[in-house]
Amino acid sequence: MGISFYVKEILNGSETTFRRVLSTIIGKSIKDVKIELVRQYTTVDKVLFEAIKSILDDLNIEESFFSKILYRYFNINLFKNKRREQLVIFGSEFKTKYSKLKFEIDRVDNHIKNMTNIIENLTKLRDGFLNKNRFLVSIYDINRSNLFIKKINIKIDELNSYISKLEQKHSILKDIEKIYSSLYKEIPRHCNLEEENYLKLLN
């Protein structure tokens, strides 16, 4: 339905009609965002990071360049190395955390896009009242219209405040992703670490 329909329906209806229209536009988005903002998110696992870095440092010292190439690209291990076995275990845990982090970033990004779309729809509704005001004659109708405009502006401000908080969380997660990505690229590829997931996360 067009915005003009909602404006006309609200002006011809009661306060309840106005709240119902707002509820239709906003839906469960505010509730979902509140849940997102209190939800725990992936942080840098310093213990795991240091363990992997230590293993990588040891491997760089212990193995030759030729040995590293064979392992990275052909999964050929010339000599059994316990540190590589450890790296598969720690690397798998690390990549699982990284996958979760990417999912969290996408989820927050979707919340931001959804809230932005809602604000756009509320702005159109507000502008619809502003346009309608030019044709209203009754002071009562003009006052009601201005009251609805004021309430829509308050709701838009509220939604913008949620977007700001979501963007802060998104920024934190992106900073963590940069840290993860830097170490991620240092971990040698391995069949047990699922190559397709590795390639997806590098993109």
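Up top is the structure.
Residues numbered from 1 in each chain as written. Predicted model: local features only at pLDDT ≥ 70, side-chain atom pairs only at ≥ 80, totals over all residues. Heavy atoms only, no water.

Visitor: Account for the packing of aromatic side chains, with residues named and values stated.
Guide: The final tally for this structure, using the stated rule, is 9 aromatic pairs. A centroid spacing of 4.7 Å and a plane angle of 55 degrees characterise the contact between Tyr98 and Tyr184, whose relative ring orientation is tilted. In this pair, Tyr98 is assigned in helix H6 (residues 82-133) and Tyr184 in helix H7 (residues 139-184), connecting sequence segments 86 residues apart. Comparing Tyr98 with Tyr184, the two get one shared label, buried. An aromatic cluster of three or more residues is present, and its members are Phe49, Phe94, Tyr98, Tyr180 and Tyr184. Lying across the ring of Tyr184, Lys95 places its NZ or CZ 5.2 Å from the centre. (Phe/Tyr/Trp six-rings, centres within 6.5 Å; stacked < 30°, edge-to-face > 60°. Helix = DSSP H or I, 4+ residues; strand = E, 2+ residues; numbered from the N terminus. Buried < 20%, exposed > 50% of the residue type's maximum accessible area, 1.4 Å probe, protein only. Lys NZ or Arg CZ within 6 Å of the ring centre and 35° of its normal.)

Visitor: Just give me the short version of the pattern of salt bridges, but keep the residues and values in it.
Guide: The final tally for this structure, using the stated rule, is 12 salt bridges. Notably, a salt bridge pairs Arg20 with Glu9, separated by 2.8 Å at the nearest N-O pair. Pair noted here: Arg20 is in helix H2 (residues 15-26) and Glu9 is in helix H1 (residues 3-12), with a separation of 11 residues, a long-range link. You can call Glu9 partly exposed: its relative accessible area is 24%. Residue Arg107 pairs with Glu36 through a salt bridge whose shortest N-O separation is 2.6 Å. One end of the pair, Arg107, is in helix H6; the other, Glu36, is in helix H3 (residues 29-38), and 71 residues separate them in sequence. (Salt bridge = Lys/Arg side-chain N within 4 Å of Asp/Glu carboxyl O.)

Visitor: Can you tell me about the packing of H2 against H6, naming the residues and giving the values?
Guide: Between H2 and H6, the shortest axis-to-axis distance is 9 Å and the interhelical angle comes to 150 degrees. Taken together, the axes of H2 and H6 lie roughly antiparallel to each other. Facing Val21, Leu22, Ile25 and Ile26 of H2, the residues of H6 in contact are Ile118, Asn121, Leu122 and Leu125. Within the contact of H2 with H6, the residues separate by chemical class into 7 nonpolar, 1 polar and no charged. (Axes fitted to C-alpha atoms, helices over the stretch in contact; angles between N-to-C directions. Parallel < 35°, antiparallel > 145°, perpendicular 65-115°, else oblique. Contact = heavy atoms within 4.5 Å. Nonpolar A, V, L, I, M, F, W, Y, C, P; charged D, E, K, R; others polar.)

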